[in-house]
Amino acid sequence: MGFLHPLSLLLSLSSSFLLLATLSVSSDQTPKKTYIFRVDRFAKPSIFPTHYHWYTTEFLAEPSALLHQYDTVFHGFSASLTPSQASAALRHPSLLAAFDDRLRTLHTTRSPQFLGLRNQRGLWSESDYGSDVIVGVFDTGIWPERRSFSDLNLGPVPARWKGVCQTGAKFTARNCNKKIVGARFFSKGHEASGAFGAGGGINETVEFLSPRDADGHGTHTASTAAGRYSFQASMSGYAPGIAKGVAPKARLAVYKVCWKNSGCFDSDILAAFDTAVKDGVNVISISIGGGDGISSPYYLDPIAIGAYGAVSRGVFVSSSAGNDGPNGMSVTNLAPWLTTVGAGTIDRNFPADVVLGDGRKLSGVSLYAGEPLRGKMYPIVYPGKTGVLSASLCMENSLDPNMVKGKIVICDRGSNPRVAKGMVVKKAGGVGMILANGESNGEGLVGDAHLIPACAVGSNEGDLIKSYVSSSAVPTATINFKGTVIGIKPAPVVASFSGRGPNGLNPEILKPDLIAPGVNILAAWTDAVGPTGLDSDTRKAEFNILSGTSMSAPHVSGAAALLKSSHPDWSPAAIKSAMMTTASVTDNRFSLMSDEATGKASTPYDYGSGHLNLGLAMDPGLVYDITNDDYVSFLCSIGYGPKTIQVITRTPVNCAMKRAVPENLNYPSIAALFSSSTSGKLGQVFLIYAVIVLLSMDLLSHGSVNAGKPSSKTFIRTATNVGPLNSVYTARVESPKGVTVMVKPPKLVFSEQVRKLMYAVTVTVDSKNLVLDDSGAVFGSLSWLDGKHVVRSPIVVTQINPL
């Protein structure tokens, strides 16, 4: 039996058991919930003219219970049912899978130049700025009046487009144009859940039942991917210049699946995937992930399922890696067909200084644009001295006005929004705020458009300020705001919040895939809410500055649009490969990229293959392509059976008698897992889950843990030449200490007749000399060189404890 990673199986078991347990204790009086059902479409009896008639006749007692019917990337439906009704539906022999509708969360200019894009030459000019490509953005909608979405001088809408401009509240057909070629909204899952309110209906005082954006996030991500040139752009004077997206001429198709204050539901997201592929998008950008910190197995993850359906039809899908870093194994959106994007900084910052009464000056960041303190010193206080956690976090109604009135208040980061803490301080009479990182945030800083004078500082600076307050009889401070500074070094730096590897489902697939700009990104904004997003913020801003992997994913979506326009025959896997193998691992000091959280050198668990470099991705030399059959082999290799795989692929499959190994998926990175009696934190985690798996083996037989201790593993890769026909590439290996990497053949000779070549990489571990880092891994690389191109793949070597 093949090896199944314990964590993957544990999550499979827990998700399945959760649904079964939920159904077993239900009654017809239980409130309704939304369930998503995967149905074997080939099992439809011929007496039913359509799948809709079949679903509403045989699966549902009430046709009105049906919310969405899926027929493109997924076959089945979602419905609002009591658990007992869902249980009855589960007994139908044509049902392949069923799972609860899950709430997801959003993973919340200068960056195009920072990515290597230049006017009049390179990828922008080669692709005509992406003008023939349609980018579908799954988010909170769009504010169509922004200059970023002008269709001035754009050509006709691509003929393949089959979508619509769905009208609704404050959104008419005129809000679409040759730039915004289509817009839709998906709310049935939300309405069925009651997320809009007790009655399930939309609260029209804060939301629009239409594609119009009441939150701002969708407008920001759409303009980051494909915003037009907007001159004299800034956010209250910060980041002044020309705002533009990565693919300024690409067309936008808007799919509103997330709603202000209430998140995004799987059933609506899956409906958007289904619709977008039918509509004719080329790229999908989705800055959404699990809100519970757990990655479901692929067959229980509608984002993974919907993305597979899109990618299998040639649509590139870019997704955010999540904002739960710097903790290990925090990366989300793990399916190998997804391009998973972490966040890095750019060479622009918004510095502010905290000046203490003893003369010390401590550095931080801020986007405060109101009346400055003008150097006046104020008393400074730390409410956390009282030992009350809510006061240290500056939670609502936690501050004593007698303590904070007329003072600068130190607030710890965490729990409530950063900008909300400032409002709490203001309501209590404080004149300013110092927002201090905790140990988990380290030194990672993001700017916020605070409504009071405020400055964010790192954990070390925060500790120094608190120490000063506790040791001084009359502590005082002021905050100086320095505006916008460019040319910051080092940059890029891996953002402290960016989701980190290893991959919690299948560590053989390195995630994230790469990083892109995601810190302090200027892009278009809604008029429905101020730049802080707080209801009390009545300011209007055409542009806003945000940070998160939500910002990095659309950079890659725009990049994919440019590459697709320049290379229309490239598959989604080829586009991903071009970005990954040309990504940079050094900063603008020509040093290895550092980790914002620690200040130390970062690793492929932090940045994947590296930082997106579009100056090189247009001409990568070689690519690693992956077919639908390859993905099926991968799913077989991790222990999924044919019926389980059909939940993802829509069509029946057969696994080969000799099971493949997941490491041999033709991925642009290599992750080698070995067994060891002693290993780091990763191995300890897998050991715990492996024990649980053994206790559960009588319930599922996906596979077994390989308790052997191989000292070497061989990986097979196939390189496709997309450069000059008669190219010769030579291998260059960087082996970590204690590891030997051999490549056969060491030279790849391409010709007009030979465009694809296979090679083998053998990784051998010398346990006596192997020294793992804190993540339980060591890192190296394999590069293929032809004198012009450097086609680089990271190599990760990990040891896990056997049973």
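Residues numbered from 1 in each chain as written. Predicted model: local features only at pLDDT ≥ 70, side-chain atom pairs only at ≥ 80, totals over all residues. Heavy atoms only, no water.

1. Quick word on the overall build of the protein
When you go through the protein residue by residue, the secondary structure sums to 20 helices and 37 strands. When the accessible area of the protein is evaluated, it comes to approximately 29200 Å², of which 53% is carbon and sulfur surface. (Helix = DSSP H or I, 4+ residues; strand = E, 2+ residues; numbered from the N terminus. Areas by Shrake-Rupley, 256 points an atom, 1.4 Å probe, with all protein chains shown as cover.)

2. Some words on the side chain of Q646
Mapped onto the elements of the fold, Q646 is located in helix 19 (residues 642-649). By relative accessible area, which is 3% here, Q646 ends up buried. Other than its neighbours up to four places away in sequence, Q646 contacts R38, D40, F42, L96, T651 and P652. (Buried < 20%, exposed > 50% of the residue type's maximum accessible area, 1.4 Å probe, protein only. Contact = heavy atoms within 4.5 Å.)

3. Considering unusual backbone geometry
Following G325, the chain continues into P326 via a peptide bond in cis, with omega recorded as 5 degrees. Its location among the elements puts P326 in the loop between strand 15 (316-320) and strand 16 (339-344). Even without glycine at this site, S236 takes up a positive phi of about 50 degrees. If you trace the backbone, S236 turns up in the loop between strand 8 (230-235) and strand 9 (238-243). With relative accessibility at 48%, the residue S236 sits in the partly exposed group.

4. With respect to helix 18 (residues 628-637)
Those residues of helix 18 that fall on the buried side of the exposure criterion are Y631, V632, F634, L635, C636 and S637. On its buried face, helix 18 sits against helix 9 (302-311), helix 15 (572-581) and helix 19. G639, located one to two residues past helix 18, shows a positive phi value of around 100 degrees.

5. A closer look at the environment of G723
Tracing the backbone through its elements, the reader meets G723 in the loop between strand 31 (712-721) and strand 32 (728-734). Separated by 66 residues in the primary sequence, G723 and H789 have C-alpha atoms spaced 9.1 Å apart.

6. Considerations on the nonpolar core
Among the nonpolar cores identified, the biggest contains 64 residues, and F273, Y298 and W337 are the most heavily contacted of them. Not counting residues within four places of it along the chain, the set of residues in contact with F273 comprises V73, F138, I284, I286, P302, I303, G306, A307, A310 and V317. Grouped together as the second largest cluster of nonpolar side chains are 38 residues, A524, V556, A560 and W570 included. (Core = buried A, V, L, I, M, F, W, Y, C linked by side-chain atoms within 4.5 Å.)

7. Looking at the pattern of salt bridges
Under the counting rule described, the total for this entry stands at 26 salt bridges. Between D100 and K33 there is a salt bridge, with the nearest N and O atoms lying 3.3 Å from each other. Taken together, the residues span a long stretch of sequence, with D100 in strand 4 (residues 95-100) and K33 in strand 1 (residues 33-39) at a distance of 67 residues. Exposure remark for D100: the relative accessible area of 22% places this residue in the partly exposed category. The shortest N-O distance in the salt bridge between D587 and R589 comes to 3.1 Å. On the basis of relative accessible area, R589 is assigned to the partly exposed category, the value being 41%. One salt-bridge network, held together by shared partners, links D71, D274 and K278. (Salt bridge = Lys/Arg side-chain N within 4 Å of Asp/Glu carboxyl O.)

8. Examining the packing of helix 8 (residues 266-279) against helix 9
Here helix 8 crosses helix 9 at 5 degrees, and the two axes come no closer than 9 Å. For the element pair helix 8 / helix 9, the angle class is roughly parallel. For the pair formed by helix 8 and helix 9, the contact residues are D266, I269, L270, F273 and V277 on the first element and P302, I303, G306, A307 and A310 on the second. Of the residues contributing to the contact of helix 8 with helix 9, the split by class is eight nonpolar, one polar and one charged. (Axes fitted to C-alpha atoms, helices over the stretch in contact; angles between N-to-C directions. Parallel < 35°, antiparallel > 145°, perpendicular 65-115°, else oblique. Nonpolar A, V, L, I, M, F, W, Y, C, P; charged D, E, K, R; others polar.)

9. Things to note about the state of the cysteines
In a disulfide, the sulfur atoms of two cysteines are covalently bonded to one another. According to the stated counting rule, one finds four disulfides in the structure shown. The disulfide that involves C258 links it to C264, with 2.1 Å between the sulfurs. In this structure, the disulfide formed by C258 and C264 twists by about 100 degrees around the S-S bond and is classed as right-handed. Residue classification places C264 among the buried residues on the basis of a relative accessible area of 0%. (Disulfide = S-S within 2.5 Å.)

10. Considering the sheet that holds strand 32
Spatially, the five strands line up as an open sheet ordered 30-37-36-32-34, and their pairing is mixed. Of all strands in the sheet, those bounded by a partner on one side alone are strand 30 (670-675) and strand 34 (747-749). Each adjacent strand pair in this sheet contributes to an overall mean axis angle of 20 degrees, direction not counted. (Pairing = 2+ DSSP bridges.)

11. What to know about the sheet that holds strand 2 (residues 66-71)
Strand order in the open sheet made by the four strands is 2-3-1-4, with antiparallel pairing throughout. Each having just a single partner strand, strand 2 and strand 4 make up the two edges of the open sheet. Direction aside, neighbouring strands of the sheet carry axes that sit 20 degrees apart on average. This element, helix 3 (residues 83-90), spans strand 1, strand 3 (75-81) and strand 4 of the sheet and lies at about 5 degrees to strand 1. Packing against the sheet, helix 8 makes contact with strand 1, strand 2, strand 3 and strand 4, and its axis sits at approximately 40 degrees to strand 2.

12. Description of the packing of aromatic side chains
Inspection of every chain in the model, using the stated rule, returns 26 aromatic pairs. Seen from their ring centres, F138 and F273 are 4.9 Å apart, and the 70 degrees between their planes marks the pair as edge-to-face. On the criterion of sequence distance, the pair formed by F138 in strand 6 (residues 134-139) and F273 in helix 8 is long-range, its members being 135 residues apart. Residue class for F138 comes out buried when judged on its relative accessible area of 0%. Ring centres 6.1 Å apart and planes at 85 degrees place the aromatic pair Y729 and F750 in the edge-to-face group. Placement of Y729 in strand 32 and of F750 in the loop between strand 34 and strand 35 (756-765) is noted, with a sequence separation of 21 residues between them. (Phe/Tyr/Trp six-rings, centres within 6.5 Å; stacked < 30°, edge-to-face > 60°.)

13. Regarding helix 13 (residues 459-471)
For helix 13, with 13 residues, the first-to-last C-alpha span of 18 Å sits near the 18 Å given by 1.5 Å per residue. Within helix 13, the full set of buried residues consists of S459, G462, I465, K466, Y468 and V469. (Expected span 1.5 Å × (residues − 1).)

14. Looking at the packing of helix 18 against helix 19
Contact geometry for helix 18 and helix 19: axes closest at 10 Å, N-to-C directions at 140 degrees. Here helix 18 lies oblique to helix 19, going by the angle between them. The two elements helix 18 and helix 19 meet at a crossing, and its hand is right-handed. Residues V632, L635 and C636 of helix 18 pack against I645, I648 and T649 of helix 19. (Left-handed = near helix turned anticlockwise from the far one by under 90°.)

15. Considering the confidence of the model for the protein
On average, residues of the protein score 87 in pLDDT, and 87% of them reach the 70 mark or higher. Across residues 1-28, confidence stays below pLDDT 50; counting only partners more than four residues off in sequence or on other chains, it has 76 contacts. Within the model, pLDDT remains below 50 along residues 678-708, and this stretch shows 72 contacts once partners closer than five positions in the same chain are excluded. (pLDDT = per-residue confidence, 0-100.)

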